[in-house]
Amino acid sequence: MTVQRQTFTHPLIAVAMVAASTLYAFAQKAPVPTRVRGTIESVNGDTMQVKSRSGEDVKLRIAPDVNVSGITKISLADIKVGSFVGATTVPGPDGGQNAVEVHVFPESMRGTGEGSRPYDLKPNSSMTNATVSESVVGNDGHTLLVKYKDGEKKVFVADNTPVVTFVPGDKSDLKAGAKVIAFMKQLPDGSFETNRVSVGRDGLTPPM
């Protein structure tokens, strides 16, 4: 009886090991990227070639209904109480949040992506889209209290922090040399498509 139990158990162990290794392989699979930051190298019809900031060549199909917006620099003083902003932040030494960049949404985009979530710009960075409820001017920048539907954050914005806003754009902005952030999705054939692109104006590299 003992021999039979061992003979029966070994195949179960083998099956369990295969299942475990399969699950491990799925867990280790790299996530599909959702955006590429870089410079347009060429545009040919509905195909755009982008050299990412980290050096990869990324080919993107441009969706027929692509939404293109421009990004232009503004000043820290343009952030007002009541502004709806997006702030990329990293933890500061005092436990607060230091802004890496701030983008001020035009009124037509108020409420876009409201909330706070992890972000992929820098290690430990987060993106918070919220309304400025307080702004305190200091010697070397502004401290903003921003509130969103699930909470609030205090964000320090140094004088040299990039501050930008969105302006209308169109497909003609997608040309060689433009600095872009292209949001993308993977198609069933493994290729990538973008239906939303933010383009830096006047040589600006979008900071977000």
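Residues numbered from 1 in each chain as written. Predicted model: local features only at pLDDT ≥ 70, side-chain atom pairs only at ≥ 80, totals over all residues. Heavy atoms only, no water.

Under an unreviewed UniProt entry, the protein has the name DUF5666 domain-containing protein and belongs to Bradyrhizobium arachidis.

Chemist: Help me understand the overall build of the protein in this model?
Modeler: A count of helical and extended segments in the protein gives 1 helix and 12 strands. Across the 208 residues of the protein, 37% fall into the buried class. For the protein, contacts bridging at least 24 residues in sequence account for 59% of all contacts bridging at least 6. Of the accessible surface of the protein, which amounts to about 12,100 Å², a share of 56% is contributed by carbon and sulfur atoms. (Helix = DSSP H or I, 4+ residues; strand = E, 2+ residues; numbered from the N terminus. Buried < 20%, exposed > 50% of the residue type's maximum accessible area, 1.4 Å probe, protein only. Contact = heavy atoms within 4.5 Å. Areas by Shrake-Rupley, 256 points an atom, 1.4 Å probe, with all protein chains shown as cover.)

Chemist: Even after reading the chapter, I still don't get the environment of Asn 129, so can you show me in this structure?
Modeler: Its place among the elements puts Asn 129 in strand β7 (residues 126–137). Residue classification places Asn 129 among the buried residues on the basis of a relative accessible area of 6%. Spatially, the C-alpha atom of Asn 129 lies 6.5 Å from that of Ala 87, the residues being 42 residues apart in sequence. Apart from residues no more than four positions distant in its own chain, Asn 129 is found in contact with Phe 84, Val 85, Gly 86, Ala 87, His 103, Phe 105, Thr 112, Gly 113, Glu 114, Gly 115, Arg 117 and Tyr 148. Separated by 2.9 Å, the side chain of Asn 129 and the backbone oxygen of Thr 112 make a polar contact. (Polar contact = N/O pair within 3.5 Å; in protein donor to acceptor, adjacent residues only side chain to side chain.)

Chemist: How should the environment of Ile 181 be read in this particular structure?
Modeler: Mapped onto the fold, Ile 181 is located in strand β11 (residues 179–186). Residue Ile 181 is classed as buried on the basis of its relative accessible area of 1%. Residues Ile 181 and Ser 198, 17 residues apart in the sequence, show an inter-C-alpha distance of 5.2 Å. The residues contacting Ile 181, other than those within four sequence positions of it, are Arg 35, Val 36, Arg 37, Arg 53, Arg 196, Val 197, Ser 198, Pro 206 and Met 208.

Chemist: Teacher, can you tell me more about the pattern of salt bridges here?
Modeler: When the charged atoms of two side chains lie near each other, side chains of opposite charge can form a pair. Tallying each qualifying case throughout the model produces 9 salt bridges. Note that Arg 37 is salt-bridged to Asp 120, the shortest N-O span being 2.7 Å. A residue pair is termed long-range when its members are at least 10 positions apart, and Arg 37 in strand β1 (residues 35–44) and Asp 120 in the loop between β6 (115–118) and β7 qualify at 83 residues. Owing to a relative accessible area of 43%, Asp 120 belongs among the partly exposed residues under this scheme. Here Arg 201 ties to Asp 173 by a salt bridge, and the two come within 3.4 Å at their closest N and O atoms. Of this pair, Arg 201 sits in the segment after β12 (192–200) while Asp 173 sits in the loop between β10 (163–168) and β11; the two residues are 28 residues apart in sequence, bridging distant segments of the chain. With a relative accessible area of 27%, Arg 201 lands in the partly exposed category. Taking relative accessible area as the criterion, Asp 173 reaches 15% and is therefore assigned buried. Ionic contacts of the salt-bridge type, sharing partners, join the residues Asp 46, Arg 61, Lys 185 and Glu 193 into one network. (Salt bridge = Lys/Arg side-chain N within 4 Å of Asp/Glu carboxyl O.)

Chemist: For this particular structure, what's the right way to read the pairing of strand β4 (residues 84–91)?
Modeler: Side-chain direction in a regular strand flips from residue to residue, so the side chains alternate between the two faces of the sheet. Among the 8 residues that make up β4, 6 are buried, leaving the element largely enclosed by the rest of the structure. Direction of pairing for β4 relative to β7: antiparallel, over a ladder of 6 bridges. Pairing of Val 85 across the sheet is with Ala 130, part of β7. As judged from the 7 bridges shared by β4 and strand β5 (residues 97–104), these two strands associate in the antiparallel manner. Considered in β5, the bridge of Ala 87 is made with Val 102. (Pairing = 2+ DSSP bridges.)

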